[in-house]
Every structure is written in structure tokens, then in C-alpha cells.
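Residue-level listing of the chains:
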Amino acid sequence: MLAPHKTKLCALALTVCLASAGCTSPRTTAYNQPVAGSRTIELRNGQWFDGTRFVDRTIYSVDGFFAENKPARVDTVIDLNRGYVVPPFGEAHNHNVDATTAAAARVVVDKYFRDGVFYVQNPANVLRARSGLVGFINVPTGIDAIFSNAALTGPGGHPMGLFLRNLGRGAMLATDSNSTSGFLWTIADRADLDRKWPQILASHPDFIKTMLLYSEEYERRKSDSAFFNWRGLNPSLLPEIVRRAHAAGLRVMTHIETAADFHNALVAGVDQIGHTPGFRGNEKTQLPDFAPFLMTDADAELAAKGGVYVITTLSGPDGLPDTALLARFIKLDSLNLAMMKKHHVKIIVGSDSYRTTSVPEAMWLSKLGVLTNAELLRAWTEETAHAIFPRRKIGKLAPGYEASLLVLAGDPIEDFSNVKRIVLRMKQGQLIDVR
Ligand SMILES: [Zn+2]
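Description of the structure in this document. The structure presented is a predicted model; accordingly, all values stated were derived computationally and were not measured.

Here's the deal with the overall build of the protein chain
Turning to step 1, where the next piece is worked out: Of regular secondary structure, the protein chain possesses 10 helices and 21 strands.
Turning to step 2, where the next piece is worked out: In summary, the protein chain has a C-alpha radius of gyration of 23 Å against a globular reference of 22 Å for 435 residues, a match within 12%.
Turning to step 3, where the next piece is worked out: Across its three principal directions, the C-alpha atoms of the protein chain cover 75 × 40 × 40 Å.
Turning to step 4, where the next piece is worked out: Buried positions account for 57% of the 435 residues belonging to the protein chain.

Right, dumping it as C-alpha cells:
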């Protein structure tokens, strides 16, 4: 849709000129209208995030990839009007990318696009709940997501409690335990792993999700009903699971609760850790003692050396009415984040918050203030995208990378809440229309 004059759109005027249409004076189109047939786009007058700061640049999108040099022919010019250009955001831990119908899939994709979150990891999902997503995800016009399918836990282990609740209200089936289409696999021992591993692979997971909960007390908890749902895999099985997953070309994410779980996951050789130790306190979501949840220098160093990604999931306590408890969470989480920052651990952003995307999590991390806004922005864009899709050139505004970006109306380094002021979205060279 072409209008004859420039129009103010949100806080920015984004001017699009169709060179092929032979316009001499720039024409304007609604910024969210994809320009049909456009292959080469000049993105001028923007301030581009380089991983630490914003720099003035002109960049081109050529067949869906960024290019630095002006191509021989430019189909479209977009004037970014001094907007702040960042790579799209990521969500490393959320179970809400599921939909059994096309209508439900549309709602999920629109929600993520609206928030600028293009890359998502779903660590534990029911296979059949993905059926509605076909055609809506992992296409240029949709968000990109990967799935672990059923998670691996010990008998009576987490998330068995959630499974039984869902079973009770009819949201899951009895067959969702220990089946290729299900929600979880219970692995009691090595023989059980041998039996179920071929079926696990047969469900074609994108990665393997494993559970460690209070693994330092595995023996004590494994058959005590008082610890139902507050236990996980036998930690001695995890190295073998990792070995088999890696042999199959799959990465492993491990759910953890304690600093000991964090250590056991690291020595098992996992690729990602699904939470920061102590993210929800103890089994009663209280924090009488930091000791079980404090990350050590040695483990932070081990994580950094192994290139292991640690997913935050720290915003749960945000808004707690118990302000004394909230203050303790803030203190513990800040200590663990500072420990990871000190050793250059790859921190990535994930919320584990079913109702939202990773935006509130990122806002909370900014409020904690351990990472600078620039560090947080890099973690949420470059690191998170790379953790989810390590083989793709995404998460950076650099030549050869996929031409995916967000334009913000204000500087997020100065005020992090500017990440919510998105005025333009582009994915793989196509402007994204949000409803
Ligand atoms: Zn989760």
C-alpha cells in the first residue's frame, strides 16, 4: 500500500522507496507491509547494535542475508529514521509454543512476533500438541522453535506431578508417560535406558531434556513418597545419556534445582542448563539458606570452559508480596549471576513462564543490574539465538547473517524498557506484519 507522502508511524517515520517502481521522491508505505517481490533492501539511517554499542551504518538485505557493500541494484530503501536496530530476541525456556489448531498457532506466533522474540526452545512438550504449528513456525513468516518432546526423569520424578494434574483435568492421556508421543520418560536404571532409548530417538526430538532435582540426595529421595515430584534422574545415568545424545547429534539440556545439580550436570557434559540454581528456592519455594543454591567459582569456571549455556529463569519471584523473601531471591540470584559473569559463563535468557514470552524475564534481569544493559542485550539476542540454533548465522547484525532485526524507538542501553518499543520487525529479509 503506497501513500503519496511521508507518514509518521509510531515514534519513527520509516520511509520505503520502491526503486523498481521508478519513484524519484521517496514514497512511504506502512512499515509492516511486506513489499512483494523485493529481494534487495537498503536499510539506511539506523543505529546498529554491534554487541556493545550502537553505531551509525547503512546495511543491505540481499536475498534474506545482511550485506555491507551496496549491491548493483536496490529494490527498496527503508529509512530507519535514527531508530535503534537490534537482532531479534530469544526465549531459551518456554513450554507455551504448542498449538493443536491453526487458530491457536496464529495466537502464539503473533504474541512472540509482537514482543520481538523470534527464536524459542520448548524443553518438554507433548508431541501431538505441536500438530497445529505446522506452517506457522520454522518458516520465514513465522517464529523458529525447537522441541525436546518428552523429558527424561526418574520414577516419581519431576514433572510427574504436573503430568498427573494434567491427566486429572483431561489435558493429558495415560499414554503420555513412557510413549513416543508423550510428555515424559521415566528412566529407572541403565537397562531401562537401553530399552527406551530407541523409542526416545524415534520421536525425533530436536534436543534431549533431562531432569536433576536434589541429585545430591538421590539415594535418600528415590523411593520416599515424601519426595514425589522432587527428584529426578539418577545422576550417574546422565553421562551415558549425554554420550548417546551426542552420538545421535543431539544436544542435552538439564533441569536443575541446586548447586549440586548444576555441578552434576556439568561433569556429565550437558550443553545447556535449564535454570539458575535456586531459581525457585526450596521445595516450599522458601529460601532459609543460600548454601544449597550458591554456585562455586570452580563450577562457574567449569561451565565457562565447557561453553555450557545457562538459562536464567529468574523472574518467578518478581512481584512477590513477601518483600523480605523477594529481597532474599534478589540477593541469591545476583550472587549467582555475578559468579557467572566473573567467569564469563554463557548466560542466556529464558523465562519458563507459560503466560509470557521472555520479555518480562529480560526486564527483570535488567532490574537486577548484574549484567549491564548492553551485556544483557547481547545475551538475549546473540547468545540465546546461537544456543538454540548453533548452525545458523543468526543473532548478529553482520554481513552473511540472516537479515532479521528489530528497530526500537529508543536506546535500550540507556533505558532497557525501550526493548518494548518495537517499530519494525524483519525476518530473513521480509518485513513482519503483527496483528
Ligand atoms: Zn520448564
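There is more to say, and it comes next.
Observations regarding a nonpolar patch on the surface
Turning to step 1, where the next piece is worked out: Taken together, the side chains of Leu164, Leu167 and Phe228 define a hydrophobic patch exposed on the protein surface, amounting to about 220 Å² of accessible area.
Turning to step 2, where the next piece is worked out: For Leu167, the location among the structural elements is in helix H2 (residues 160-168).
Turning to step 3, where the next piece is worked out: You can call Leu167 partly exposed: its relative accessible area is 30%.

A word on the pattern of salt bridges
Turning to step 1, where the next piece is worked out: Scanning the model with the defined rule gives 30 salt bridges in all.
Turning to step 2, where the next piece is worked out: Two residues, Asp63 and Arg39, come together in a salt bridge whose shortest N-O distance is 3.0 Å. Here Asp63 is found in the loop between strand S5 (54-62) and strand S6 (65-67), whereas its partner Arg39 is found in the loop between strand S3 (28-29) and strand S4 (40-49), with 24 residues between them in sequence.
Turning to step 3, where the next piece is worked out: Of the residues examined, Asp63 reaches a relative accessible area of 46% and is grouped as partly exposed.
Turning to step 4, where the next piece is worked out: One salt bridge connects Glu240 with Arg243, and the closest N-O pair in it is separated by 2.8 Å.

Quick notes on the pairing of strand S14 (residues 207-211)
Turning to step 1, where the next piece is worked out: Judged by how many residues are buried, S14 sits mostly within the fold: five of five residues are covered.
Turning to step 2, where the next piece is worked out: Residues Phe207, Lys209 and Met211 line one face of S14 and the alternating positions Ile208 and Thr210 line the opposite face, and both faces are buried.
Turning to step 3, where the next piece is worked out: Here S14 runs beside strand S15 (residues 251-255); their pairing, made up of five bridges, is parallel. Paired with Lys209 across the strands is Met253, a residue of S15.

Description of the packing of helix H9 (residues 359-368) against helix H10 (residues 373-388)
Turning to step 1, where the next piece is worked out: Where H9 contacts H10, the two axes come as close as 10 Å, and the packing angle between them is 150°. Taken together, H9 and H10 sit at an angle that is classed as roughly antiparallel. In terms of crossing hand, the pair formed by H9 and H10 is right-handed. On H10, the residues touching Val359, Ala362, Leu365 and Ser366 of H9 are Asn373, Leu376 and Trp380.

A closer look at the sheet that holds strand S9 (residues 89-91)
Turning to step 1, where the next piece is worked out: Spatial strand order, S9-S10-S11: three strands in an open sheet with parallel pairing. The sheet is open, and its two edges are formed by S9 and strand S11 (144-147), each paired on a single side. Put simply, the sheet's adjacent strands are angled 10° from each other on average, direction ignored.
Turning to step 2, where the next piece is worked out: Relative to S11, strand S10 (residues 117-122) runs parallel, the two being bridged by four bridges. Bridging from a neighbouring strand, Val120 pairs with Ala145 of S11.
Turning to step 3, where the next piece is worked out: Helix H1 (residues 102-115) contacts S9 and S10 of the sheet and is inclined by roughly 125° relative to S10.

With respect to helix H8 (residues 323-342)
Turning to step 1, where the next piece is worked out: Along its 20 residues, H8 runs 28 Å from first to last C-alpha, staying within 8% of the 28 Å computed at 1.5 Å per residue.
Turning to step 2, where the next piece is worked out: Along H8, the residues that are buried comprise Leu325, Leu326, Phe329, Leu332, Asp333, Ser334, Asn336, Leu337, Met339 and Met340.
Turning to step 3, where the next piece is worked out: Close packing links the buried residues of H8 with helix H7 (297-305), strand S17 (309-311), strand S18 (346-348) and H9.
Turning to step 4, where the next piece is worked out: Of the residues that open H8, the one with a side-chain oxygen 3.2 Å from the backbone nitrogen of Ala324 is Asp322.

Cut-offs applied
Residues numbered from 1 in each chain as written. Predicted model: local features only at pLDDT ≥ 70, side-chain atom pairs only at ≥ 80, totals over all residues. Heavy atoms only, no water. Helix = DSSP H or I, 4+ residues; strand = E, 2+ residues; numbered from the N terminus. Rg over C-alpha atoms; globule rule 2.2 N^0.38 Å. Buried < 20%, exposed > 50% of the residue type's maximum accessible area, 1.4 Å probe, protein only. Patch = residues over 30% accessible without salt bridge, like charges linked within 9 Å, V, L, I, M, F, W, Y side chains within 5 Å. Areas by Shrake-Rupley, 256 points an atom, 1.4 Å probe, with all protein chains shown as cover. Salt bridge = Lys/Arg side-chain N within 4 Å of Asp/Glu carboxyl O. Pairing = 2+ DSSP bridges. Axes fitted to C-alpha atoms, helices over the stretch in contact; angles between N-to-C directions. Parallel < 35°, antiparallel > 145°, perpendicular 65-115°, else oblique. Left-handed = near helix turned anticlockwise from the far one by under 90°. Contact = heavy atoms within 4.5 Å. Expected span 1.5 Å × (residues − 1). Polar contact = N/O pair within 3.5 Å; in protein donor to acceptor, adjacent residues only side chain to side chain.

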